[in-house]
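What follows is the residue order along each chain.
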Amino acid sequence: MEIGFIGVGNMAKAIINGWQKNGVQAKINVHSAHKENYVPYATEHGLYACSDNVSVVQNSDIIFLAVKPLVLGKVLAEIKASVKQKKPLIVSMVTGVSLDELTEALDPQVKLIRIMPNVNVEIGEGMTALVANKNVASEELKNVTELFELVGKTQLLPEKDFSTFVALAGSSPAYVYFFIDAMARTGVKYGLSKAQATQIAAQAVLGSAKKVLHETKSPMDLIDDVCSPGGTTIAGLLALEEAGFMTAVVKGLDATIKKDQGQ
Ligand SMILES: NC(=O)C1=CN([C@@H]2O[C@H](COP(=O)(O)OP(=O)(O)OC[C@H]3O[C@@H](n4cnc5c(N)ncnc54)[C@H](O)[C@@H]3O)[C@@H](O)[C@H]2O)C=CC1
Ligand SMILES: O=C(O)[C@@H]1CCC=N1
């Protein structure tokens, strides 16, 4: 099986790096608009650097679309004829572009899977949603799902829930980094070095996430376990809420969802 990537930016590299760390040995063909960036990356990672997007299609069985939404139309127009002729499996990670829109731009017979990964696939802790159109065989969807199970967790998700998933998993690493950075800056305010404070904050977030995943208790019950009566945590928790913590998080995710839905 040969895999192709059209677009070799942050997300494609996170996926490829994650796969290579986890033993995926398939030949990977790549092309992107920035030769100075993708050619050295291809050499370093043993990938085949194609001279254009059509060569990626002609040489690959599964093609990942990893470009920004704004350039997608141009890319689809470019590869349309070779997709129609070769009938490869197309996997799009382009945010906000539906299976119907992709089908319309390519061909009614095109085999399409839409995914929403996140950058944590690079370290084997990704969260990826997948949905396929009717032309995709269950074995093909299973194969692609397995590629993402190698680098994290997966969920088969109805397409109507993709915008919500973008907020909860696709974009949310940025929000969690923001939270960690805010905690680390507080450490710096009180005299810790930024590196030391970042390590402490990140480990606390990592442990808390693992606890939520492994416990049967809800996050609210876990909060209660940390809050000693009259203690430090309840004082901090109430101050966070007074500053609008819950509302800020919901508003941030609302804005992500609305943007994904083109509102
Ligand atoms: N960065 C992230 O955390 C996530 C990104 N995505 C989606 O993945 C897609 C890619 O995002 P990033 O990797 O962050 O963007 P990026 O800007 O880092 O990479 C985009 C790539 O597309 C290439 N490109 C531009 N025009 C091209 C053309 N005409 N033909 C071929 N390649 C072309 C660029 O050279 C670059 O390699 C987007 O649609 C984004 O919504 C989805 C989930 C998470
Ligand atoms: O910001 C973006 O548009 C992409 C989608 C999910 C993460 N990054």
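Residues numbered from 1 in each chain as written. Chains lettered and ligands numbered in written order. Predicted model: local features only at pLDDT ≥ 70, side-chain atom pairs only at ≥ 80, totals over all residues. Heavy atoms only, no water.

1. Brief notes about the overall build of the protein chain
- In terms of helices and strands, the protein chain carries 12 helices and eight strands.
- If you line up the protein chain on its principal axes, its C-alpha atoms span 70 × 40 × 30 Å.
- A buried classification covers 40% of the 263 residues belonging to the protein chain.
- Long-range pairs, those at least 24 residues apart, make up 63% of the contacts in the protein chain between residues at least 6 apart in sequence.
- Within the structure as shown, the protein chain displays about 14,900 Å² of accessible surface, and the carbon and sulfur contribution to it stands at 59%.
- Within the protein chain, the 27 negative side-chain charges are centred at a point lying 4 Å from the centre of the 25 positive side-chain charges. (Helix = DSSP H or I, 4+ residues; strand = E, 2+ residues; numbered from the N terminus. Buried < 20%, exposed > 50% of the residue type's maximum accessible area, 1.4 Å probe, protein only. Contact = heavy atoms within 4.5 Å. Areas by Shrake-Rupley, 256 points an atom, 1.4 Å probe, with all protein chains shown as cover. Lys, Arg positive; Asp, Glu negative; His and termini not counted. Charge placed at Lys NZ, Arg CZ, Asp CG, Glu CD.)

2. A word on helix H12 (residues 245-260)
- Spanning 16 residues, H12 covers 23 Å between terminal C-alpha atoms, matching the ideal 22 Å at 1.5 Å per step.
- Here H12 has its buried residues at Leu253, Thr256, Ile257 and Asp260. Summarising the axial view, the buried residues of H12 lie within an arc of 95°, below the 170-degree limit, and thus occupy one face. Of the exposed residues in H12, the ones pointing more than 90 degrees away from its buried face are Lys251 and Lys259.
- Following H12 by one or two positions, glycine 262 adopts a phi angle in the positive range, close to 75°. (Expected span 1.5 Å × (residues − 1). Arc of directions from axis to C-beta.)

3. A few points about the UniProt feature "domain: Pyrroline-5-carboxylate reductase dimerisation" (unreviewed entry) in the protein chain
- Under the present numbering, the feature "domain: Pyrroline-5-carboxylate reductase dimerisation" (unreviewed entry) in UniProt falls on residues 159-261.
- The span residues 159-261 carries 81% helix and 0% strand; its end-to-end C-alpha distance comes to 12 Å. (UniProt positions renumbered as here; feature names shortened; annotations may be inferred.)

4. A word on the packing of aromatic side chains
- Within this structure, the stated rule accounts for six aromatic pairs.
- Note on tryptophan 19 and phenylalanine 148: the rings are 5.8 Å apart at their centroids and 65° apart in plane angle, and the pair reads as edge-to-face. Taken together, the residues tryptophan 19 in helix H1 (residues 10-21) and phenylalanine 148 in helix H6 (residues 138-149) connect sequence positions 129 residues apart.
- Aromatic ring contacts, followed pair by pair, group Phe5, Trp19, Phe64 and Phe148 into a single cluster.
- Positioned over the ring face of tyrosine 41 is lysine 13, at 5.2 Å from the centre of the ring.
- Directly above the aromatic system of tyrosine 48 lies the positively charged group of lysine 27, at a separation of 4.7 Å from the ring centroid. (Phe/Tyr/Trp six-rings, centres within 6.5 Å; stacked < 30°, edge-to-face > 60°. Lys NZ or Arg CZ within 6 Å of the ring centre and 35° of its normal.)

5. Some remarks on the packing of H1 against helix H2 (residues 35-45)
- Running from amino to carboxyl end, H1 crosses H2 at an angle of 5°, the nearest separation of the two axes being 12 Å. Relative to H2, the element H1 lies roughly parallel. Contacts between H1 and H2 involve Lys13, Ile16, Asn17 and Gln20 from the former and Asn37, Tyr41 and His45 from the latter.
- Among the residues making up the contact of H1 with H2, the classes are represented as two nonpolar, four polar and one charged. (Axes fitted to C-alpha atoms, helices over the stretch in contact; angles between N-to-C directions. Parallel < 35°, antiparallel > 145°, perpendicular 65-115°, else oblique. Nonpolar A, V, L, I, M, F, W, Y, C, P; charged D, E, K, R; others polar.)

6. A look at the pairing of strand S2 (residues 27-31)
- When you tally the buried positions in S2, you get four out of five residues, the bulk of the element.
- In terms of strand pairing, strand S1 (residues 2-6) meets S2 through five bridges, oriented parallel. Looking at the pairing, glutamate 2 lines up with lysine 27 of S2.
- On the question of chirality, the crossover connecting S1 to the parallel S2 by way of H1 is right-handed.
- Tracing the backbone out of S2, into H2 and back to the parallel element strand S3 (residues 48-49) gives a crossover that is right-handed. (Pairing = 2+ DSSP bridges. Right-handed = clockwise from strand over helix to strand, strands pointing away.)

7. Let's talk about unusual backbone geometry
- Although it is not a glycine, lysine 87 adopts a positive phi angle of roughly 55°.
- Its place among the elements puts lysine 87 in the loop between helix H4 (69-86) and strand S5 (89-92).

8. Description of the site of ligand 1
- Asn10, Met11, His34, Val67 and Thr95 are the nearest of the 23 residues found near ligand 1.
- The separation between an oxygen atom of ligand 1 and a polar side-chain atom of lysine 68 is 3.4 Å.
- One of the side-chain nitrogen or oxygen atoms of threonine 95 is found 2.4 Å away from an oxygen atom of ligand 1.
- For ligand 1, whose free accessible area comes to 830 Å², the fraction covered by protein is 84%.
- Elements represented by at least two residues in the shell around ligand 1 include exactly H1 and H4.
- With four residues, the single largest contributor to the shell around ligand 1 is H4.
- In the shell around ligand 1, the residues fall into 14 nonpolar, seven polar and two charged. (Near = heavy atom within 4 Å. Polar contact = N/O pair within 3.5 Å; in protein donor to acceptor, adjacent residues only side chain to side chain.)

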